[in-house]
Amino acid sequence: MAAQDGAREGATHHLGEDDVAYLMNLLRNATQPVTTQELIDALRRQSGGSSGEAEDGE
Amino acid sequence: MVMQRERPAQELSGTKREQAFASSLLNLLLARGMFMSTSAPIRISVASLAGYLESQGEKDAADRIVAAAAANPAILSVEQIDGEAYLVTTRGGRAPSAATVDARHTFAARFLTPLPKPDRPATPRARPRPQEPVIDAMAGMQIAEVEAPAVEPATITPEPEPAEEAPVAPARTITTQAAAPADMTDVDDVNLALAIRERLGGDPRVANFGEHWLMEDRVPRFSRGDLRRLRDYMQEKEQPITDEDLVQDVLAVRPGSPDFALVRFAVNYRLSNEHREFEFVGTGNQRFWSTSGLPQIGTTRRKLNEIGTDYRFLLDEVPAGVAPRTRESVDHTLTFYEFAHGLLPYDAEMQALFSGPVVPGQKSAVLTFECPQSFTTYLVELRFPTPNRGGFVLGLDDFYAENLVAGAVLSIQRTENDGHYRVEYIPESARSEELLELDERRAPRYVFRPTTFACGVEGDDLLTEARFGGLANEKPLDDKARRRPEAVVAATFERIGEKRDANFSAEFRTLLAGVNIERPMSETLLRSLLENDDTGAFSRDPDAADSYTYVPGTSP
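In this text the structure is predicted, and so the values were computed from the model without any measurement. (Residues numbered from 1 in each chain as written. Chains lettered and ligands numbered in written order. Predicted model: local features only at pLDDT ≥ 70, side-chain atom pairs only at ≥ 80, totals over all residues. Heavy atoms only, no water.)

1. Thoughts on the packing of aromatic side chains
Residue and element names in this part refer to chain B.
So, step 1. Enumeration according to the criterion identifies 21 aromatic pairs over all chains in this entry.
So, step 2. Geometrically, the ring pair formed by Phe493 and Tyr550 is stacked, given 5.7 Å between the ring centres and 25° between the ring planes. Of this pair, Phe493 sits in helix H16 (residues 485-496) while Tyr550 sits in strand S23 (residues 547-550), and the two are 57 residues apart along the sequence. Of the two residues, Phe493 and Tyr550, both sit in the buried class.
So, step 3. Among the aromatic residues, those joined into a ring-pair cluster are Phe339, Tyr378, Phe399, Tyr400 and Tyr425.
So, step 4. Over the ring of Phe21 we find Arg64; its NZ or CZ atom is 4.2 Å from the centre of that ring. (Phe/Tyr/Trp six-rings, centres within 6.5 Å; stacked < 30°, edge-to-face > 60°. Helix = DSSP H or I, 4+ residues; strand = E, 2+ residues; numbered from the N terminus. Buried < 20%, exposed > 50% of the residue type's maximum accessible area, 1.4 Å probe, protein only. Lys NZ or Arg CZ within 6 Å of the ring centre and 35° of its normal.)

Following this line, the structure appears as structure tokens:
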């Protein structure tokens, strides 16, 4: 994604504190640069895993 | 160096005869252990010594040896080994002290008697999990005090009270709000990327360049010497250099090495913070870096600011929100202005073809254009639009001059690499025409010269003498007139229009090609000028299809 796009339009979705903490933790454990797509995939996995656990708990 | 071996001076006890006997014993022992270490025990069996001494005339030697050892315990001692007596001393002239051997732990025993294998639990040990994010557990909690039930008046017979009763604290219950993870199934990748950029982009602990992220403290740092070498390399090569080449050629990190990606990221991130010395001029896949003092890519006949001002009309024409790299290819017909300066307009079609800026505030991007027909790759520069100047591509002068003419049709196709494009023209059999040129040898003038070309052209846009003969020996318009599109259109009517009484008439396509000799003008802009002219200078020609007339003397 180009910088232009980011400047043109704002994010319609905002990350929660736990999402940011999760990403920061991910970056702390990384020894090589991580791409935005990898961060997105990680967020989705975390979201899917957490919601799955929540459903199991119910 | 030769050193004389000195015999240690020893005080032997006993009579002179006993001392002489003990001395001869000591000499025999020292002769045996001449090359032994100072503290190593020198042993000779008593029987052997006695035999020798008796052969030398001594009598009762065995008993006298034992007696001499007993008389000089500090110097001589007798050891029993396997039932045989040995007289012992050391080269230092001292009876060897019994060295205690520490046999608690020996290297041999360590291998011969290994420790038993540690018992492992039946269940495999859990892998160390990454540290869970610290979350403020108290956030969002509701603490409610539960009131103790009202105590009814005591109607029970009083019992003997205990000596001391602890005060009962009111019971408290904590209701935690379930931390529901944000549901991201409905959010697309583009919005998630924007959200990540919004939150992490401003965090000083996180290093970001383009689409790559890493903790700032993990990014290798460069010394001033490293930065100077990077700059010198670019200046030596006289062109922008990609991050890959900088990492390999200057920092000597090979592409196969495990640190290559990290150092490459470090080059991009660290140089992006050196605004004074380095400028990013690349794309996402092809990250070029530039520095001061490099020669300009493309034409020097016209300043970049002036070209940008010429393309200013694109700012109004290009709709907002054109998504980069949504088109596979773009076909374009070259105008004279573009041909002469080696340019392409950064219009809506090109914006949909090329990638946009990678970093905020990026002014330009260096691209590579590969022409498979001429087996040549050209380094071109895409100048992004600014608030008051249009965008354009420059650096195609050589490609145009070697292969094309004004009016030629070319096709630009994107590749997997967003910084690399394939440019092709329509190959045709060679033909020769009298085509327009700008003769700049003395005072610049338009001339027609025979030109041979072998590329496909748009017939209406080919500037032949037959159709544009009125331009012969004309001087280019001065800058003051060029800046006003209406003045350029009026001058073009007068140069190439068909004169009818006091008016000039021209077909739209011909007029468009003629106007683009002096300055870039889109079809939209020209149509708008001709249709929306309030002065009455321009009007539609009712006698010809898609033609317009111009009335001289009416200031447009």
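2. Concerning the sheet that holds strand S8 (residues 241-242) of chain B
Residues and elements named next belong to chain B.
So, step 1. Across the sheet, which stays open at both edges, the three strands sit in the order S8-S10-S9 with antiparallel pairing between neighbours. Each edge of the open sheet is held by one strand with a lone partner, namely S8 and strand S9 (278-280).
So, step 2. The pairing of S8 with strand S10 (residues 288-291) spans two bridges and is antiparallel. Bridging across to S10, Thr242 finds its partner in Phe288. (Pairing = 2+ DSSP bridges.)

3. Description of the nonpolar core
So, step 1. One finds A:Leu15, B:Ile196, B:Leu200, B:Leu246 and B:Leu271 to be the most contacted residues of the largest nonpolar core, which totals 49 residues.
So, step 2. Broken down by element, this core gets its largest block of residues, eight residues, from helix H8 (residues 260-272) of chain B. (Core = buried A, V, L, I, M, F, W, Y, C linked by side-chain atoms within 4.5 Å.)

4. A few points about the pattern of salt bridges
All names here are of chain B.
So, step 1. Enumeration over the complete set of coordinates arrives at 35 salt bridges over all chains.
So, step 2. Between Asp203 and Arg205 there is a salt bridge, with its nearest N and O atoms 2.8 Å apart.
So, step 3. A residue is classified by how much of its surface remains accessible, and Arg205, at 44% relative accessible area, is partly exposed.
So, step 4. One salt bridge connects Glu531 with Arg540, and the closest N-O pair in it is separated by 2.9 Å.
So, step 5. Exposure remark for Glu531: the relative accessible area of 39% places this residue in the partly exposed category. (Salt bridge = Lys/Arg side-chain N within 4 Å of Asp/Glu carboxyl O.)

5. Remarks on the packing of H16(B) against helix H18 (residues 523-531) of chain B
Axes are the key here: two packed helices are described by the angle between their axes and the distance separating the axes.
Residue and element names in this part refer to chain B.
So, step 1. Running from N to C, H16 and H18 point in directions that differ by 85°, and their axes come no closer than 11 Å. Taken together, the axes of H16 and H18 lie roughly perpendicular to each other. Contact residues: H16 offers Pro485, Glu486, Val489 and Phe493, while H18 offers Leu526, Leu529 and Leu530.
So, step 2. Taken together, the residues of the contact of H16 with H18 sort by class into six nonpolar, no polar and one charged. (Axes fitted to C-alpha atoms, helices over the stretch in contact; angles between N-to-C directions. Parallel < 35°, antiparallel > 145°, perpendicular 65-115°, else oblique. Contact = heavy atoms within 4.5 Å. Nonpolar A, V, L, I, M, F, W, Y, C, P; charged D, E, K, R; others polar.)

6. Let's talk about the pairing of strand S16 (residues 409-414) of chain B
Residue and element names in this part refer to chain B.
So, step 1. As paired strands, strand S11 (residues 329-333) and S16 are joined by five bridges and run antiparallel to one another. In the strand pairing of S16, Thr333 is matched with Val409.
So, step 2. With five bridges joining them, S16 and strand S17 (residues 420-425) adopt antiparallel strand pairing. Along S17, the bridge assignment pairs Gln413 with Arg422.
So, step 3. Between the end of S16 and the start of S17, which pair antiparallel, lie five residues.

7. Let's talk about the confidence of the model for chain B
Residue and element names in this part refer to chain B.
So, step 1. Scored by pLDDT, chain B has a mean of 86; 87% of the residues are at 70 or more.
So, step 2. Segment residues 150-158: pLDDT under 50, and zero contacts once partners within four positions in sequence are set aside and those in other chains are kept.
So, step 3. Note on residues 173-179: pLDDT is under 50 here. Beyond four places in sequence and across chains, it has ten contacts. (pLDDT = per-residue confidence, 0-100.)

8. Quick look at the pairing of strand S21 (residues 503-507) of chain B
Residue and element names in this part refer to chain B.
So, step 1. Sheet analysis places strand S20 (residues 498-500) next to S21, joined by three bridges and oriented antiparallel. Considered in S21, the bridge of Arg500 is made with Asn503.
So, step 2. In this structure, the hairpin formed by S20 and S21 is closed by a connection of two residues, where Asp501 is found at a positive phi of approximately 55°.
So, step 3. As defined by bridge partners, S21 adjoins S23 across four bridges and the pair is classed as antiparallel. Within S23, the residue paired with Glu507 across the bridge is Ser547.

9. Considerations on the sheet that holds strand S2 (residues 77-81) of chain B
Residue and element names in this part refer to chain B.
So, step 1. In space, the three strands of this open sheet follow the order S1-S3-S2, with antiparallel pairing throughout. Only two strands of the sheet have a single neighbouring strand rather than two, namely strand S1 (41-45) and S2. Strand-to-strand twist across the sheet, computed as the mean angle between neighbouring axes with direction ignored, equals 40°.
So, step 2. The pairing of S2 with strand S3 (residues 84-90) spans five bridges and is classified as antiparallel. What sits directly across from Val78, in S3, is Leu87.
So, step 3. Here helix H1 (residues 16-32) sits on the sheet in contact with S1 and S3, set at roughly 115° to S1.

10. Section: the side chain of B:Asp347
Residue and element names in this part refer to chain B.
So, step 1. Structurally, the position occupied by Asp347 is in the loop between strand S12 (343-345) and helix H12 (348-353).
So, step 2. No salt bridge is formed by the buried Asp347; its nearest oppositely charged neighbour, Arg327, is found at 7.8 Å.
So, step 3. Filtering out sequence-adjacent residues up to four positions away, Asp347 remains in contact with Leu314 and Val318. (Lys, Arg positive; Asp, Glu negative; His and termini not counted.)

11. Brief notes about unusual backbone geometry
Residue and element names in this part refer to chain B.
So, step 1. Within the chain, Asp82 stands out as a residue other than glycine whose phi angle is a positive 55°.
So, step 2. Its place among the elements puts Asp82 in the loop between S2 and S3.
So, step 3. For Arg325, which is not a glycine, the phi torsion comes out positive at approximately 55°.
So, step 4. Mapped onto the fold, Arg325 is located in the loop between helix H10 (313-317) and S11.

12. A closer look at helix H3 (residues 61-71) of chain B
All names here are of chain B.
So, step 1. Residues Ala61, Arg64, Ile65, Ala68 and Ala69 constitute the buried set of H3. Taken end-on, H3 shows its buried residues confined to a sector of 140°, consistent with a single buried face. Summarising the geometry of H3, the exposed residues directed more than 90 degrees from the buried face are Asp63 and Ala70.
So, step 2. Its buried side turned inward, H3 meets H1, helix H2 (46-55), S2 and S3. (Arc of directions from axis to C-beta.)

13. Some remarks on helix H2 (residues 17-28) of chain A
So, step 1. Helix length check: H2(A) (twelve residues) gives 16 Å between terminal C-alpha atoms against 16 Å at 1.5 Å per residue, within 8%.
So, step 2. Considered for burial, the residues of H2(A) that qualify are A:Asp19, A:Val20, A:Ala21, A:Leu23, A:Met24, A:Asn25 and A:Leu27. (Expected span 1.5 Å × (residues − 1).)

14. Notes on the confidence of the model for chain A
All names here are of chain A.
So, step 1. Chain-level pLDDT for chain A is 75 on average; 64% of the residues reach the 70-or-more range.
So, step 2. Least confident of the elements in chain A is helix H1 (residues 3-8), whose mean pLDDT is 43; most confident is strand S1 (residues 34-35), at 94.
So, step 3. Here residues 1-8 scores under 50 on pLDDT; set against residues more than four positions off or in separate chains, the count is 16 contacts.
So, step 4. Predicted confidence is poor over residues 54-58, with pLDDT under 50, and the contacts of this stretch with residues over four places away or in other chains come to zero contacts.

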